[in-house]
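What the coordinates show
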Amino acid sequence: NSKGYNALPYNTQTQDFVGVIGPSANATRTMQGNYYGHAPYLISPLEGISKYTKTMYSQGCTIGGTSTKGFADALKVARQVNTVVMVMGLDQGQEREGHDRDIISFPGVQAQFIREVAAAAAGKPVTLVMMNGGPVDLTEQKANENITSIIWVGYPGQSGGQAIADVIFGTVGPSGRLPHTVYPAEYVKQVSMFDMNMRPGKDNPGRTHRFYTGTPAYSFGDGLLYTTVSYESLDVSVRSLTASKINSDLKMYKDAPGNAPTLATATFSIKNTGKRLDPYTGLLFAMPPAAGTGGRPKQVCSGDLLGRKPNRLKNGNKIGTS
């Protein structure tokens, strides 16, 4: 948790009555996004959480609607339970092929709803689960002291509700990394959607973690763990190449970058210093000279440190990687 304490995972002994609230709290079809086959069954967040503990459900509002009629019931639930999980975000009515959003803030009355439910919870643990594809500005929710944790789940598919519950109650430790930059809402007014330039310019604050010059709500690659890790024995070796050689290699390997020669190698160990056996996925970032100035990237993600499959680290164990 970014507020400095361990809000998750929940314990079924103390979090034994959970309010599952929000327009996607009992979602099934929404979990599938818009590229999917026929699922033999669908497990909603409500169903998944109900396998762990007693629950009370309230939808409260819709994804994009403006009605607040359902607020009262949701606030009542938040006051009755001892823990709250809100499942909010987007659906295919907001984002899909051939239908772009013109805002990146919460649609409808969701932001107001989140604010009121979190306040009604009166200091109880409150987890905000974000079910969406494209980013939604979370600046307000991140700063809200009534919200103790935030989980981004994308559109998690057939057993998404079970996966969400497994992470919330600690059966599985989170190991994912945020795959996009979460910009503040005003970003859409700072750059034209027809401006495809990545680098910052007169009317463009830059795009992605490589070039964005503003302050994101959350950065590409963000992600917390239920354990702690340390990096040890870092060693970096770099080859010296002429500018002409680099330029020729860029042309030669533009269609097959995986075959390009290695310019730098970083070698180090990662040690689990926590108490849990949990998956861990790391990212390696490189910063060029004069990063972020003159159109140069602020950083470049050089890849997944430990491969595509998250590694499970026992307490005190190390994994060496290069």
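Below or above, wherever it landed, is the structure these notes cover. What you see is a predicted model, and the numbers here were worked out from it, not measured in a lab.

A few words now on the pattern of salt bridges. Under the criterion given, the structure shown has four salt bridges. One salt bridge in this structure joins Glu140 and Arg115, with 2.6 Å as the shortest N-O distance. Of this pair, Glu140 sits in helix H4 (residues 139–143) while Arg115 sits in helix H3 (residues 110–120), and the two are 25 residues apart along the sequence. The exposure class of Arg115 is partly exposed, given its relative accessible area of 39%. Of the charged contacts, one joins Lys245 and Asp249 as a salt bridge, the two residues approaching to 3.2 Å between their closest N and O atoms. In this pair, Lys245 and Asp249 both sit in helix H8 (residues 243–252), four residues apart, roughly one turn of the helix. On the basis of relative accessible area, Lys245 is assigned to the partly exposed category, the value being 35%. Classification of Asp249 by relative accessible area gives buried; the value is 9%.

For the pair helix H2 (residues 71–80) and H3, interaxial distance at closest approach is 8 Å and the crossing angle is 30°. With respect to each other, H2 and H3 are oriented roughly parallel. By crossing handedness, the relation of H2 to H3 is classed as right-handed. Contact with H2, carried on its side by Phe71, Ala74, Leu75, Ala78 and Arg79, involves Gln112, Phe113, Glu116, Val117 and Ala120 of H3 and no other residues of that element. Each residue belonging to the contact of H2 with H3 can be placed in one class, and the counts come to seven nonpolar, one polar and two charged.

Let us look at the nonpolar core. If you look at the biggest cluster of nonpolar residues, it comprises 31 residues, and the most contacted ones within it are Ile21, Val84, Met86, Met88, Phe113, Val117 and Leu128. Secondary-structure elements contributing two or more residues to this core are strand E1 (17–21), H2, strand E3 (83–89), H3 and strand E4 (126–131). When near neighbours in sequence (up to four residues on either side) are disregarded, Ile21 contacts Ser58, Ala74, Val77, Ala78, Val84, Val85, Met86, Val87, Met88, Phe113 and Val117. Counting 20 residues, the second-largest nonpolar core is a separate cluster that includes Val20, Val85, Met131 and Val167.

Now for the sheet that holds E4. What the five strands build is an open sheet, ordered E2-E1-E3-E4-E5; its pairing is parallel. Each of the sheet's edge strands pairs with one partner strand only, and the pair in question is strand E2 (54–58) and strand E5 (149–152). On average, each strand axis in the sheet is inclined to that of its neighbour by 20°, with strand direction left out of account. One ladder, built from five bridges, connects E1 with E2; its direction is parallel. Pairing of Gly19 across the sheet is with Met56, part of E2.

What follows is about the pairing of E4. Counting buried positions over the six residues of E4 gives six, a clear majority of the element. Here E3 runs beside E4; their pairing, made up of six bridges, is parallel. What sits directly across from Met86, in E4, is Leu128. As a crossover connection, the stretch from E3 through H3 into E4 is right-handed. Across four bridges, E4 lies against E5 in parallel orientation. Bridge pairing links Val129 to Ile151 in E5.

A contiguous nonpolar patch, built from Leu234, Val236 and Val238 and spanning about 320 Å² of accessible area, is present on the exposed surface. Its place among the elements puts Leu234 in strand E6 (residues 229–238). Overall, the relative accessible area of 62% leaves Leu234 in the exposed class.

The next subject is the environment of Gly282. For Gly282, the location among the structural elements is in the loop between strand E8 (278–280) and strand E9 (283–286). Considered as a pair, Gly282 and Gly176 are 106 residues apart in the sequence and their alpha carbons are 9.2 Å apart.

Right, let's talk about the packing of aromatic side chains for a bit. Using the criterion set out here, one finds eight aromatic pairs in the structure. Ring centres 4.7 Å apart and planes at 5° place the aromatic pair Tyr52 and Phe169 in the stacked group. On the criterion of sequence distance, the pair formed by Tyr52 in the loop between helix H1 (45–50) and E2 and Phe169 in the loop between helix H5 (160–168) and helix H6 (187–190) is long-range, its members being 117 residues apart. Residues Tyr183 and Tyr212 carry aromatic rings whose centres are separated by 4.9 Å and whose planes lie at 90° to one another, so their mutual orientation is edge-to-face. Of the two residues, Tyr183 is situated in the loop between H5 and H6 and Tyr212 in the loop between helix H7 (208–211) and E6; the sequence distance between them amounts to 29 residues. The class for Tyr183 is buried, based on a relative accessible area of 11%. The cationic tip of Lys54 hangs over the ring face of Phe17; the distance from NZ or CZ to the ring centre is 4.4 Å. The ring of Tyr218 carries Lys142 above its face, with NZ or CZ at 4.4 Å from the centroid.

Calculation notes
Residues numbered from 1 in each chain as written. Predicted model: local features only at pLDDT ≥ 70, side-chain atom pairs only at ≥ 80, totals over all residues. Heavy atoms only, no water. Salt bridge = Lys/Arg side-chain N within 4 Å of Asp/Glu carboxyl O. Helix = DSSP H or I, 4+ residues; strand = E, 2+ residues; numbered from the N terminus. Buried < 20%, exposed > 50% of the residue type's maximum accessible area, 1.4 Å probe, protein only. Axes fitted to C-alpha atoms, helices over the stretch in contact; angles between N-to-C directions. Parallel < 35°, antiparallel > 145°, perpendicular 65-115°, else oblique. Left-handed = near helix turned anticlockwise from the far one by under 90°. Contact = heavy atoms within 4.5 Å. Nonpolar A, V, L, I, M, F, W, Y, C, P; charged D, E, K, R; others polar. Core = buried A, V, L, I, M, F, W, Y, C linked by side-chain atoms within 4.5 Å. Pairing = 2+ DSSP bridges. Right-handed = clockwise from strand over helix to strand, strands pointing away. Patch = residues over 30% accessible without salt bridge, like charges linked within 9 Å, V, L, I, M, F, W, Y side chains within 5 Å. Areas by Shrake-Rupley, 256 points an atom, 1.4 Å probe, with all protein chains shown as cover. Phe/Tyr/Trp six-rings, centres within 6.5 Å; stacked < 30°, edge-to-face > 60°. Lys NZ or Arg CZ within 6 Å of the ring centre and 35° of its normal.

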